[in-house]
Structure formats: C-alpha cells, structure tokens
Amino acid sequence: MTARTRLGLILFLLTAPSLAAAHVMSPQPQSATNWPAILMFGAFVLLTLAITRWAARRTRTTADFYAAGGGITGFQNGLAIAGDYMSAASFLGISAQIFADGYDGLIYSIGFLVGWPVILFLLAERLRNLGRYTFADVASFRFRQGPVRLAAAFSTLAVVIFYLIAQMVGAGQLIKLLFGLPYAYAVMIVGVLMTLYVLFGGMIATTWVQIVKAVLLLGCATVMAIAVLAHFGFSLDALFTRAVEVKSGVAAAGGASAAEAAQKGQSIMAPGNFIKDPISAISFGMALMFGTAGLPHILMRFFTVPDAREARKSVLWATGWIGYFYLLTFIIGFGAIVMVATNPAFLDATGALRGGGNMAAVHLSAAIGGDLFLGFVSAVAFATILAVVAGLTLSGASAISHDLYASVVRHGRAGSADELRVSRWTVVVLAAIAILLGIAFEKQNVAFMVSLAFALAASGNFPVLLLSVLWKGCTTRGVVVGGTVGMVVAFVLMILSPAIWVNVLGNAAPIFPYTSPTIFSMPLAFLTIWLVSTLDRSDRAAIDRAAYSEQRVRAETGIAAHRASAH
Amino acid sequence: MIDHHDEAERAMLAQVAEDPRYIDLVRKRSRFGWTLSIIMMLVFFGYISLIAYDKAFLARSAFGGTTTLGIPIGIAVILFAILLTGVYVRRANRHFDPLLRTIRQDAGL
C-alpha cells in the first residue's frame, strides 16, 4: 500500500467514533477460540437480556418505545450518549492510530469532542422543547409535514444504513479476531441480539444497555491507563521518552540510519501526515464538529429526558465522560507502543501487530492483566458494538414508523398501538437488511461509510435543523430543497474523493482532491435554504413565517412541550 | 403539529411572545449561546490551522523533556470544551432558569 492510500485508509477508518472496522479491512485469519472472552461476553448477554425483559414490561406505548417514556435523567442520558459515542472504534481505532503514528490520534479525539459544546449552546434545549421522538419532529414543526418528514426520513435512513453497514462489517471482523467465531455467525449474533433489545425493550432497553456498556468501557480504560502510568512512576514524560526510544529502535532495526531513526521516533510527539492541506483539515474538522449535531440516533437521545434542564445536564455529563475517555485512550495508545511493540508475543514474523493494527489496545490488556483481562476487554468491545447498532436500528425504525407511516401516510391519525406495531416490524426488517448487507460487504472496504454518514449529517440535517429552529424566514420549500442539495452534493463529492474514487473504485486519481466535502456542501446547504426561502412567495411560505413566533416561544420556554411520559 | 393545539394555549403563547422579560431572556441567552459557540469554533479551528500551517511549533519541547507543546495544547482543547459546557450549564441553571420560571408562572403555568 502506498503512503497516500494508507493515510487515506487510516483517515477514513478512524473518521467514525463508532466504527469498529479500523485496520481490519483485509480478510483476517480466524484466531483460536477465546474461551474467557466468550464466557464473559455470555455474562454480558445474559445481563442485557435481563434488562430487556425488565424494559419490555415497561414498554407499552410509542412514548416508551421511542423515548423511554421520557424517564431518563440527565446523568443517565449523559452516560448513554457517551456510550453511543465511545465505540469500539474510539477505543480500538484511536488507540491503534496513536500506537501507529502517535500524536495524530489525538487530533481525531479532539474533533469528535468539540461538536458537543456547540450542540449544547445552540440546539439541545430547543430540540427537547420542540420534539417528541425524532429530529424530524423539530425540523418539520411549523412546516408542511409531508415533504419535510419525507426528506428527513430519507436522510435518517441514509445516515443510519451507511453507519449500520460499517458497524456490522466491523463487528464481524472484530469478533472473528477476538472470539475466533466465523464471520457470518458473528454478524448474525450481533443482528439477532440487537433485534431482541430493540424489538422488546425499545428505547428503555437500548438506553440501559448503552449505560452498562459505557460504565464497563470507562472502567476498563481507566484500569488500563492507570496500569500504564504506574509502569512509569506516573510520569507522562517518562512514558513519552520510552515510547520515542521504542519507535526509534524499531526504525533502526528496520535499517534506518541513526539520525533517521531518531527523527522517526521523535515524530510520534507531533502532528505528522494526518493533515496535509489546510482545506482538507478544516473540511474534515467541520464534518466532525457539525456532523455530530446531525446524527439522528444521537439527536433522538434528547427526547428521553423529561425537560430542557435535563437535556442540558446530559450534554455536560456526556462531554465530560467522552473527554475523559479520549485522554485515557491517548495514554493507552502510548502505553501500547512501549508494552506491546517490544513484546514478541504480540508480533508476527514481520514485526507487525498480530491480528492487525486495531489490536493494540487488546494486546495491551493482555500485557497488563493476562488472559482474563484480555477476555474482559474483548467482551466489552463486543458489547460496545451491540449497543451502538441497537441505537442505530431504533433510530431508523422511528424514521419509518413515526415520520413516514404515522405522519405522512396516516396524517397523524395512527393510534399508538398501530404505530408501535409498524415500528416493531420495521425493526425486524432493518435488522434483516443489516445482517444481509453485513455479510454482503464482508470483503469490501466499507470504512468510508461512516465518514460519509458524518458528511451527510453535517451537510443535510444540521443546516435544516439549525435554520428551522433559529431563522424566522425559513420555509418548507427552503428546508426541503436546501437539505436535499446539501446531502446530494456531499454524497457526490464523497464518491469522487480519494476515499472512494481511488481506494474503493480503483481509479488512479481522485476527481475531488480533498478528504471531506463538508467545507463546500455544508455552506452550500445553508446558502440554498436561505436563497430558496427568501425567494419563496408561496402561500405556504407565509404560513411558515407566521408560525415562527409561536414556535420560538415553545423552543425557548418549553411551554406546552411534549413530555413523553404524559402519553 | 401546530394544528392540534387549542386556542387558549395559542393565546398564551402569543402573550408570552410579547412579554418584555421573554424578549430580553431570549436575546441574552441566544447571544450567550452564539458567543460560546464561536469561541469553541475559534479554538478548534485555530488548533486545526496550527496543525495545518505550523507543525514545527507543536513539535517543540514543552518543558525541556520529551513532551512537546502539542501535548499540553491538545489536552487543553479537550479540557476547554468540557469547561465551556460547564460555564453554559452554570449560567443557565443560576441565571436563565429562574427568569424562565417567573415568565412561565406569570403565564399561568
């Protein structure tokens, strides 16, 4: 692989906070069956099924199913959001990135974190006050329901499907490696378990699985980071110094001159190849920062809390946990350089990491706590994938049953039981699609799909949401046309970019040279919404503008807000 | 969604929309939210630009040891993001919520 394609690959593999597939794209040999890991994973599955059973008894209405009856506290929701966000990719992918290139991994972590404050300052409370179950509730609040919900449901499904495929393929690859199970079985196990959680336990089960997993993952990462620091007398500088020595040693062993080796070692302490041209850098940063504010399964979490105050609290907790977690992964990555890269037990004949680059944190757990801790960390990694796909599936199902069926097809006249039935069927269908696509894409490079999901969310959902909530002049026609333009342009540019045009389709040179389309597609979406809305002289536009003041009062004060528990 | 709400509620919403305290609250809170958002964007895109334009600066030794300037700066951006959300939540809890409560009470809620 050339340096450029490798960079592109790593970039896109790691674009996802929830992507598990990093570095595991080429078919990996199936490893020996890992019994401690399977036993501990079995214990996790039993616990989550018990949670699902408990949740199922509490899931009677659509409000319970989509929004956990509005009964989640800010603290709990903060943990659940963090759980959605701290995926196997954050844990394995970012620590692998730090293991390989050092400092560059920190840049991803920061990009993933900085979207949260902005969500809080501009959207979180208003979302809670206006919405009920889906972000389309908010985006379509004062507009004509049909077209806006149709567009929102379509964009939700696009984001969810791309995200799901990446997750399912990542899950299959990872489980094959960690547990020694065949790929297709792994994908089916994930699909079936996720269906059980969502089908019977709805948002209550999904939230609690997410919380359990977040606590396990935070606990695991804390233990690992403390063990690494203890190894160096709690001196970060000592850790970095040793890591630089190790990297220099590896370079020297590879035939580099003394000066080259020293430079190679020192390179892990500063930004390297990650960011080449400023446009890609800013564009990629925009996709990370604003994409988070447009991910339907993340936005849906704000409807599980009772009011704006709890929504606000959930973001503070989520930001704190996610930030803490990224600091831990930074230490874990450097710890792996020292404790894994020097240990022949973790390396293959060529000196590369056994099982692929993604395994740095997993090998580190073995170096720290032996087979048992390795099993525990593997089980937590699997649990992480399960929780994330459950949240995605629920979000996709709500777009079909709540936005398409109940609002567009039945014009808001569907009963709760009726809507719930459609929702559950949708869950089954979506899970079947996810399993089939997961198997179909086994040998494909799917890493770009999550960065595609982020770019689509930043270029479609985010501008639509922000302007419909904050700009009086916004009209039905404006959001439908502008949101669609943003998504289509982001999609097309992404296809023409190095990640797909070169790495997947095998063309020699990309037509669109930058890493991410967002710096073009997101402003274009804002501009289109503004232009189309401003020129919109239709009768509907007059209604849309007239309804703004009332919507604004609701958004700002929470007066007459939907409380999921009231239904 | 608007169609489902009754006349009394709409009259009340229209009344709140005219309330000078509401207008003041919305103006202050929006300005506060946008100010913090712009600060966060400046810090993040400033950091990204530093990486794009001056990698050598971040590669300098920070405290005379192996630790480079990039490390404390990167960690500071993470801590700053958490701190800024804390600043918003604190002001919202202490300042905006009580104002909102009186507006809602006077509207009969």
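Nothing here was measured: the structure is a model prediction, and the numbers come from that model. (Residues numbered from 1 in each chain as written. Chains lettered and ligands numbered in written order. Predicted model: local features only at pLDDT ≥ 70, side-chain atom pairs only at ≥ 80, totals over all residues. Heavy atoms only, no water.)

Engineer: Whenever I open this one, the overall build of chain B confuses me. Can you help?
Structural biologist: Looking only at helices and strands, chain B has four helices and zero strands in total. Ordered by position from N to C terminus, the α and β elements of chain B give α-α-α-α. Its C-alpha atoms give chain B a radius of gyration of 22 Å, clearly above 13 Å, the size a compact globule of 109 residues would have. The C-alpha extent of chain B, read off along each of the three principal axes, is 70 × 30 × 20 Å. Within chain B, buried positions represent 41% of all 109 residues. When contacts within chain B are restricted to residue pairs at least 6 apart in sequence, long-range pairs at least 24 apart make up 60% of them. Across chain B, the mean location of the 13 positive side-chain charges is 15 Å away from that of the 10 negative side-chain charges. (Helix = DSSP H or I, 4+ residues; strand = E, 2+ residues; numbered from the N terminus. Rg over C-alpha atoms; globule rule 2.2 N^0.38 Å. Buried < 20%, exposed > 50% of the residue type's maximum accessible area, 1.4 Å probe, protein only. Contact = heavy atoms within 4.5 Å. Lys, Arg positive; Asp, Glu negative; His and termini not counted. Charge placed at Lys NZ, Arg CZ, Asp CG, Glu CD.)

Engineer: How should I be thinking about the overall build of chain A in this particular structure?
Structural biologist: Broken down by element type, chain A carries 23 helices and zero strands. For 567 residues, the compact-globule estimate of 2.2 N^0.38 gives 24 Å, and the C-alpha radius of gyration of chain A, at 23 Å, lies within 12% of that figure. Dimensions along the principal axes, computed over C-alpha positions, put chain A at roughly 75 × 50 × 40 Å. Relative to its 567 residues, chain A shows a buried fraction of 64%. Taking the contacts inside chain A whose residues are at least 6 apart along the sequence as the reference set, 84% of them involve residues at least 24 apart. On chain A, the mean spot of the 36 positive side-chain charges and the mean spot of the 23 negative ones are 7 Å from each other.

Engineer: Can you walk me through the side chain of A:Asp64 in this structure?
Structural biologist: The residue A:Asp64 is located in helix H3 (residues 62–67) in this model. Residues in contact with A:Asp64, not counting those within four places in the same chain, are A:Arg58, A:Thr59, A:Gly69, A:Met203 and A:Ile204.

Engineer: Explain the packing of helix H6 (residues 104–113) of chain A against helix H4 (residues 70–106) of chain B to me, please; I cannot follow it from the model alone.
Structural biologist: Between two packed helices, what matters for the description is the angle formed by their axes and the separation of those axes. Closest axis-to-axis distance for the H6(A)/H4(B) pair is 10 Å, and the angle between their directions is 15 degrees. Judged by the angle between their axes, H6(A) and H4(B) are roughly parallel. Every pair of crossing elements has a handedness; the one defined by H6(A) and H4(B) is left-handed. Here A:Leu106, A:Ile110 and A:Leu113 of H6(A) lie close against H4(B), whose contacting residues are B:Gly74, B:Val77, B:Ile78 and B:Ala81. Counted by class, the contact of H6(A) with H4(B) contains six nonpolar, one polar and no charged residues. (Axes fitted to C-alpha atoms, helices over the stretch in contact; angles between N-to-C directions. Parallel < 35°, antiparallel > 145°, perpendicular 65-115°, else oblique. Left-handed = near helix turned anticlockwise from the far one by under 90°. Nonpolar A, V, L, I, M, F, W, Y, C, P; charged D, E, K, R; others polar.)

Engineer: Got a minute to help me understand the pattern of salt bridges in this structure?
Structural biologist: Oppositely charged side chains can pair when the atoms bearing their charge come close. Going through the model one piece at a time under the given rule, you end up with 22 salt bridges over all chains. For A:Glu125, the salt bridge identified is with A:Arg312, shortest N-O distance 3.2 Å. Highlighted residues: A:Glu125 in helix H7 (residues 115–130) and A:Arg312 in helix H15 (residues 308–339), separated in sequence by 187 residues. Across this residue pair, the class does not change: A:Glu125 and A:Arg312 are buried. A relative accessible area of 7% means that A:Glu125 is categorised as buried. Connected through shared salt-bridge partners, A:Glu125, A:Arg126, A:Arg309, A:Arg312, A:Arg552, A:Glu556, B:Arg29 and B:Asp97 make up one network. (Salt bridge = Lys/Arg side-chain N within 4 Å of Asp/Glu carboxyl O.)

Engineer: Even after reading the chapter, I still don't get the confidence of the model for chain A, so can you show me in this structure?
Structural biologist: In low-pLDDT segments, the atomic positions of the prediction should not be examined closely. All names here are of chain A. Taken over all residues, the pLDDT of chain A has a mean of 87, while the share at 70 or more is 92%. Across chain A, element-level confidence peaks in helix H21 (residues 518–535) with a mean pLDDT of 97 and bottoms out in helix H1 (residues 3–13) with 39. Counting interchain partners and residues more than four positions distant, the pLDDT-below-50 stretch residues 1–28 has 100 contacts. (pLDDT = per-residue confidence, 0-100.)

Engineer: I keep staring at the nonpolar core and nothing clicks. Help me out?
Structural biologist: Buried together is how nonpolar side chains tend to be arranged in soluble globular proteins. Residue and element names in this part refer to chain A. One finds Phe91 and Phe334 to be the most contacted residues of the largest nonpolar core, which totals 219 residues. Here this core takes 24 residues from helix H10 (residues 183–231), the largest share from any one element. Look past the residues within four positions of Phe334 in its chain and what remains in contact with it is Ile98, Gly102, Tyr103, Leu239, Phe240, Ala243, Ile268 and Met269. (Core = buried A, V, L, I, M, F, W, Y, C linked by side-chain atoms within 4.5 Å.)

Engineer: Just to check I follow, could you spell out a nonpolar patch on the surface for this structure?
Structural biologist: Where nonpolar side chains cluster on the molecular surface, the patch consists of A:Leu524, A:Leu527, A:Trp530, A:Leu531 and A:Leu535 and spans about 500 Å² of accessible area. In this structure, A:Leu527 sits in helix H21. (Patch = residues over 30% accessible without salt bridge, like charges linked within 9 Å, V, L, I, M, F, W, Y side chains within 5 Å. Areas by Shrake-Rupley, 256 points an atom, 1.4 Å probe, with all protein chains shown as cover.)

Engineer: Would you mind showing me how to read a positive patch on the surface here?
Structural biologist: Together, A:Arg53, A:Arg57, A:Arg58 and A:Arg60 make up a region of like positive charge exposed at the surface. Secondary-structure assignment places A:Arg57 in helix H2 (residues 35–58).

Engineer: Would you mind showing me how to read the packing of helix H9 (residues 145–179) of chain A against helix H16 (residues 360–409) of chain A here?
Structural biologist: Residues and elements named next belong to chain A. As a packed pair, H9 and H16 sit with axes 9 Å apart at the nearest point and diverge in direction by 160 degrees. Taken together, the axis directions place H9 and H16 in an arrangement best described as roughly antiparallel. Both H9 and H16 take part in a crossing whose hand is left-handed. Its residues assigned to classes, the contact of H9 with H16 comprises 24 nonpolar, nine polar and two charged.

Engineer: Whenever I open this one, the environment of A:Phe99 confuses me. Can you help?
Structural biologist: Residues and elements named next belong to chain A. You can see Phe99 is positioned in helix H5 (residues 88–101). Taking relative accessible area as the criterion, Phe99 reaches 12% and is therefore assigned buried. Residues Phe99 and Thr528, 429 residues apart in the sequence, show an inter-C-alpha distance of 43 Å.

Engineer: What's the story with empty space enclosed by the protein in this structure? I'm lost.
Structural biologist: The rolling of a water-molecule-sized probe over the atoms marks out the regions of remaining empty space. Counted under the stated rule, the structure contains six cavities of 30 Å³ or more. What the largest cavity holds in volume is close to 90 Å³. A:Leu120, A:Phe121, A:Leu122, A:Leu123, A:Ala124, A:Glu125, A:Arg126, A:Ala555, A:Glu556, B:Arg29 and B:Tyr88 together form the lining of the largest cavity. When contributions to the lining of the largest cavity are tallied by element, the ones reaching two or more residues are H7 and helix H23 (548–557) of chain A. Counting residues per element, the lining of the largest cavity draws most heavily on H7(A), at seven residues. Looking at side-chain class alone, the lining of the largest cavity contains seven nonpolar, no polar and four charged residues. (1 Å grid on protein atoms, 1.4 Å probe; cavity = no way out; pocket = protein on both sides within 12 Å on 5 of 7 lines; lining within 4 Å. Points joined across faces, edges and corners; volume = space filled by probe spheres on them.)

Engineer: What is the right way to look at helix H17 (residues 416–440) of chain A in this model?
Structural biologist: Residues three or four positions apart in an α-helix share a direction because the helix packs 3.6 residues into each turn. Residues and elements named next belong to chain A. Taking 1.5 Å as the rise per residue, H17 with 25 residues should run 36 Å; its terminal C-alpha atoms sit 36 Å apart, in good agreement. Considered for burial, the residues of H17 that qualify are Asp418, Glu419, Leu420, Val422, Ser423, Thr426, Val427, Leu430, Ala431, Ala434, Ile435 and Gly438. Residues of H17 that are buried sit in contact with H3, H9, H10 and H16. (Expected span 1.5 Å × (residues − 1).)

Engineer: What is the right way to read the side chain of A:Ser283 from this model?
Structural biologist: Residue and element names in this part refer to chain A. Mapped onto the elements of the fold, Ser283 is located in helix H13 (residues 278–291). By relative accessible area, which is 0% here, Ser283 ends up buried. There is a polar contact of 2.6 Å between the side chain of Ser283 and the backbone oxygen of Ser516. Those residues in contact with Ser283, other than ones at most four positions away along the chain, are Ser516, Pro517, Thr518 and Ile519. (Polar contact = N/O pair within 3.5 Å; in protein donor to acceptor, adjacent residues only side chain to side chain.)

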